[in-house]
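Letter by letter, the chains look like this.
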Amino acid sequence: MEKLFIFDTTLRDGEQVPGCQLNTVEKIQVAKALEQLGVDVIEAGFPVSSPGDFNSVVEISKAVTWPTICALTRGVQKDIEVAAEALQYAKKKRIHTGIGTSEYHIKYKFNSTQEEILERAVAAVKHAKKYVEDVEFYCEDAGRTDNVYLAKVVEAVIKAGATVVNIPDTTGYCLPWVYGEKIKFLMENVSNVHKAILSTHCHNDLGMATANTISGVLNGARQVEVTINGIGERAGNTSLEEIAMILKCHKDLNIETNINTQRIYSTSRLVSNLMNMPVQPNKAVVGRNAFAHSSGIHQDGVLKNRESYEIMDPTDVGIDKNAIILTARSGRAALKHRLSVLGVEVDGDKLDIIYQEFLLLADKKKDINDDDVLLLAGKERASKERIKIDYLQVTSGVGIKPVASIGVMIAGEKFEAAATGNGPVDAAINALRKIINREMNLQEFTIQSINKGSNDVGKVHMQVEHAGVIYYGFGANTDIVTASVEAYVNAINQFVK
């Protein structure tokens, strides 16, 4: 079996999703989960981009033991020097530097020439090599780069000291066989390719990220750059869980990873919870419908033999078919156990807060599922915010004007207001605006139900514009009006200090 290295960029490329930014403590939590999952490399951030990113790379380097910690840079000396400083505590460290190599980037982004870009690429690798032994070089937009020129760049950076060369399909443009042929061309035409590892980094703009990645692996790439749940810029990146399970199901490929697949589900839910980014129900491997069967023909087949319609055993990805059922009569121990299975470790006061919220929800819902439990964990984080809802009362119906009364606590002081609106949500937000006397514009408002049923928890995502900046808010409640106000308050808490 050949080894395939798993390079996880959830904390860098994945975190670039609008509204999904994590603080350092949350990033460390994800990094530790990735370590337990078995990833080989964690791309922890882009240190020069912000003090927060720099600090996250520093702290993740301290918190994680055996995976290589990687920091992204542009092919710029200052970027590389800052990355080296951020990586000072890493047990195993890598600098990931690079530059665009397609005509689109050379001509329009850099207003440069192929010769000058080649020189800059070599200079970046040589500079990074002064600080770390393990240097990865990315040829940005390699998917649209001429293969002959790409081979020239790859050969030059390997000669300069690159240990890994990343061949990104940055725009998600390539067809699977075209991307595979690109990797094959490099394997056959770069004289020193055996001195480095070729890496895939595929985006999902046309829904082909996983197919392109597998095609790259079949043609010689031995590192894949992936994210949990396939999150990332625009349509996202290649999904870690899909690659891991493809290789587990297709043992005939003779390629293996270090991934402990039984930790896939808990890691997926942890990332979804911390980023307030729901996993779509039909998502491969980790979606709630991934192992669900509604067709009578399918149900009959599965009951007779699971493998009739399931190529994966749910337990292989960490879905426990015999999970403890949570009800209003469940105790703290059962709740703590379920949170632990989902990758959330809580104790003491934090557990008490979540448990009290759990009891309130359990009185409203008959069945408490994993997504409900993770939402409760998110409420514990929200309880620390400066502005908190004290009470909310809304009157609406046929033939009457909706009116809302609200009370909020701001830094321990209570404020109250009332307002009317075009509907109950509009009335509640208008009342809140009277208290928070700022110019705010609601840009986007999305409601999502976790499961089916009138007693379900509704999740609300909002984009609120203030002073030219977009802030993202999230709320969840069985009362959709309350969830909407919670989301609005969550967004406001990000700019009201």
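Definitions and cut-offs
- Residues numbered from 1 in each chain as written.
- Predicted model: local features only at pLDDT ≥ 70, side-chain atom pairs only at ≥ 80, totals over all residues.
- Heavy atoms only, no water.
- Core = buried A, V, L, I, M, F, W, Y, C linked by side-chain atoms within 4.5 Å.
- Buried < 20%, exposed > 50% of the residue type's maximum accessible area, 1.4 Å probe, protein only.
- Helix = DSSP H or I, 4+ residues; strand = E, 2+ residues; numbered from the N terminus.
- Contact = heavy atoms within 4.5 Å.
- Pairing = 2+ DSSP bridges.
- Axes fitted to C-alpha atoms, helices over the stretch in contact; angles between N-to-C directions.
- Phe/Tyr/Trp six-rings, centres within 6.5 Å; stacked < 30°, edge-to-face > 60°.
- Lys NZ or Arg CZ within 6 Å of the ring centre and 35° of its normal.
- Salt bridge = Lys/Arg side-chain N within 4 Å of Asp/Glu carboxyl O.

Trainee: How would you summarise the nonpolar core if you had to cite specific residues and measurements?
Mentor: Core analysis: the biggest nonpolar cluster contains 112 residues, and Phe-137, Val-154, Val-165, Ile-167, Ile-264 and Leu-335 have the highest contact counts within it. With nine residues, the top contributor of residues to this core is helix α6 (residues 147-160). Once residues within four sequence positions are removed from consideration, Phe-137 is found in contact with His-96, Thr-97, Gly-98, Ile-99, Ala-121, Val-125, Val-153, Val-157, Ala-162, Val-164, Val-165 and Asn-166. By size, the runner-up hydrophobic cluster in this structure holds 30 residues, among which are Ala-427, Ala-428, Ile-435 and Ala-491.

Trainee: Describe the sheet that holds strand β12 (residues 400-410), and please don't skip the residues or the numbers.
Mentor: The strand order across the open sheet built from three strands is β11-β12-β13, with neighbouring strands paired in antiparallel fashion. Looking at which strands have only one partner, the edges of the open sheet turn out to be β11 (387-397) and β13 (413-420). Shown here is a sheet whose adjacent strand axes are inclined to one another by a mean of 10 degrees, direction ignored. Two elements, β11 and β12, share nine bridges in a ladder whose sense is antiparallel. Counterpart to Tyr-391 in the pairing with β12 is Gly-407. Running at roughly 135 degrees to β13, helix α15 (residues 424-435) makes contact with β11, β12 and β13 of the sheet. Against the sheet, helix α16 (residues 480-492) contacts β11 and β12, and its axis sits at roughly 145 degrees relative to β11.

Trainee: So, the sheet that holds strand β5 (residues 93-100): which residues are in play, and what are the values?
Mentor: Read around the closed barrel, the eight strands follow the order β2-β3-β4-β5-β6-β7-β8-β9; overall the barrel is parallel. Each strand of the sheet is rotated relative to its neighbour by a mean of 25 degrees, with strand direction disregarded. Here strand β3 (residues 41-45) pairs with strand β4 (residues 68-72) via four bridges, running parallel. Within the sheet, the bridge partner assigned to Gly-45 lies in β4 and is Ala-71. Sheet strands touched by helix α2 (residues 51-63): β3 and β4. Its angle to β3, the strand with the most contacts, is close to 145 degrees. Contacts between helix α5 (residues 114-129) and the sheet are confined to β5 and β6 (134-140), with β5 contributing the most and set at about 170 degrees to the helix.

Trainee: So what about the packing of aromatic side chains? Which residues, and what values?
Mentor: Summed over all chains, the structure comprises two aromatic pairs. With centroids separated by 6.4 Å and ring planes inclined at 20 degrees, the aromatic side chains of Phe-137 and Tyr-138 adopt a geometry described as stacked. Per residue, the accessibility class of Phe-137 equals that of Tyr-138, and both read buried. If you follow Lys-62 out to its NZ or CZ, it ends over the ring of Tyr-89, 4.7 Å from the centre. Looking at Arg-144, its charged tip hangs above the ring of Tyr-104, at a distance of 3.9 Å from the centre.

Trainee: Could you give an account of the pattern of salt bridges, with specific residues and numbers?
Mentor: Counted by the stated rule, this structure contains 19 salt bridges. Across the salt bridge formed by Glu-2 and Arg-222, the nearest N and O atoms sit 3.0 Å from each other. Separated by 220 residues along the polypeptide, Glu-2 in strand β1 (residues 2-3) and Arg-222 in the loop between α8 (209-218) and β9 (223-226) bring together distant segments of the chain. What makes Glu-2 partly exposed here is its relative accessible area of 45%.

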